[in-house]
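Report on the structure
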Amino acid sequence: MKKIISLFLIYSSYAMGVESFSHPTCEFYLVDNQLNKKETTLLKSKLSQRGYKFVKEVSMKETINYMADSLYVETSRILSGKVYKECLVEINIKKAEGPRPSSKDKSLYKNSSLRKFPRQTFHGNERCFMALSDLTFGINFCKAGNKR
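Everything in this summary refers to the structure shown in the same document. (Residues numbered from 1 in each chain as written. Predicted model: local features only at pLDDT ≥ 70, side-chain atom pairs only at ≥ 80, totals over all residues. Heavy atoms only, no water.)

Right, let's get into the nonpolar core. Core analysis: the biggest nonpolar cluster contains 21 residues, and Leu43, Tyr52 and Val73 have the highest contact counts within it. When contributions to this core are tallied by element, the ones reaching two or more residues are strand 2 (27-31), helix 2 (37-49), strand 4 (71-80), strand 5 (86-95) and helix 3 (125-137). Leaving out residues up to four positions away in the same chain, Tyr52 has contacts with Phe21, Cys26, Phe28, Leu47, Leu71, Ile139, Asn140 and Cys142. Counting five residues, the second-largest nonpolar core is a separate cluster that includes Val31, Val58, Tyr72 and Ala96. (Core = buried A, V, L, I, M, F, W, Y, C linked by side-chain atoms within 4.5 Å. Buried < 20%, exposed > 50% of the residue type's maximum accessible area, 1.4 Å probe, protein only. Helix = DSSP H or I, 4+ residues; strand = E, 2+ residues; numbered from the N terminus. Contact = heavy atoms within 4.5 Å.)

As structure tokens, then:
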């Protein structure tokens, strides 16, 4: 019975299709990135699998020569705990309205993930990697070339 239910769930997920949206370039900037180097590499890799292209890392104060509707990603990472640490990762993908990032920009995707397990090491980096994988799973695919 479990096999039938699992096959039904797999089939229904394929039948629904993959959600995507169109963007002229699918390029994104990382703004005020709080991830470490390995986590940043993982995030870039996961987003490239979804059709996004990394441009560069910038700060919130920096003026960028945005094209209309440029995408940027804000991240935060909090590692807390005394012995076995837990990791909270937040991601926010926004569409820029002006020459620099603003709190008024439209958010296309915002989510967070808290990972407390597996408790393999004391420093908790593997939990941050798993939280990033959780977050990027829900991001829509980007198709370059067409305007929305």
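Between two packed helices, the angle of one axis relative to the other and the distance separating the axes together describe the packing. Where helix 2 meets helix 3, the closest approach of the two axes is 10 Å, and the angle between their N-to-C directions is 20°. Classified by the angle between their axes, helix 2 and helix 3 sit roughly parallel to one another. Both helix 2 and helix 3 take part in a crossing whose hand is right-handed. Within the contact between the two elements, helix 2 uses Lys38, Glu39, Leu42, Leu43 and Lys46 and helix 3 uses Cys128, Phe129, Leu132, Ser133 and Thr136. For the contact of helix 2 with helix 3, the class distribution of residues is five nonpolar, two polar and three charged. (Axes fitted to C-alpha atoms, helices over the stretch in contact; angles between N-to-C directions. Parallel < 35°, antiparallel > 145°, perpendicular 65-115°, else oblique. Left-handed = near helix turned anticlockwise from the far one by under 90°. Nonpolar A, V, L, I, M, F, W, Y, C, P; charged D, E, K, R; others polar.)

A few words now on helix 2. In this model helix 2 runs 19 Å from its N-terminal to its C-terminal C-alpha over 13 residues, within 8% of the 18 Å that 1.5 Å per residue would give. Those residues of helix 2 not exposed but buried are Glu39, Thr40, Leu43 and Leu47. Seen along its axis, helix 2 keeps its buried residues to an arc of 100°; they face one direction. Across helix 2 from its buried face, at more than 90 degrees, point the exposed residues Lys37, Lys38, Thr41 and Gln49. Where the residues of helix 2 are buried, they touch strand 2, strand 3 (53-58), strand 4, strand 5 and helix 3. Just downstream of helix 2, Gly51 is the residue with a positive phi angle, here 100°. (Expected span 1.5 Å × (residues − 1). Arc of directions from axis to C-beta.)

This next bit is on the pairing of strand 2. With four of five residues buried, strand 2 lies mostly within the body of the structure. Two elements, strand 2 and strand 3, share four bridges in a ladder whose sense is parallel. Within strand 3, the residue paired with Phe28 across the bridge is Phe54. Considered for its hand, the β-α-β crossover made up of strand 2, helix 2 and strand 3 is right-handed. Relative to strand 4, strand 2 runs parallel, the two sharing four bridges. Looking at strand 4, one finds that Tyr29 is bridged to Tyr72. (Pairing = 2+ DSSP bridges. Right-handed = clockwise from strand over helix to strand, strands pointing away.)

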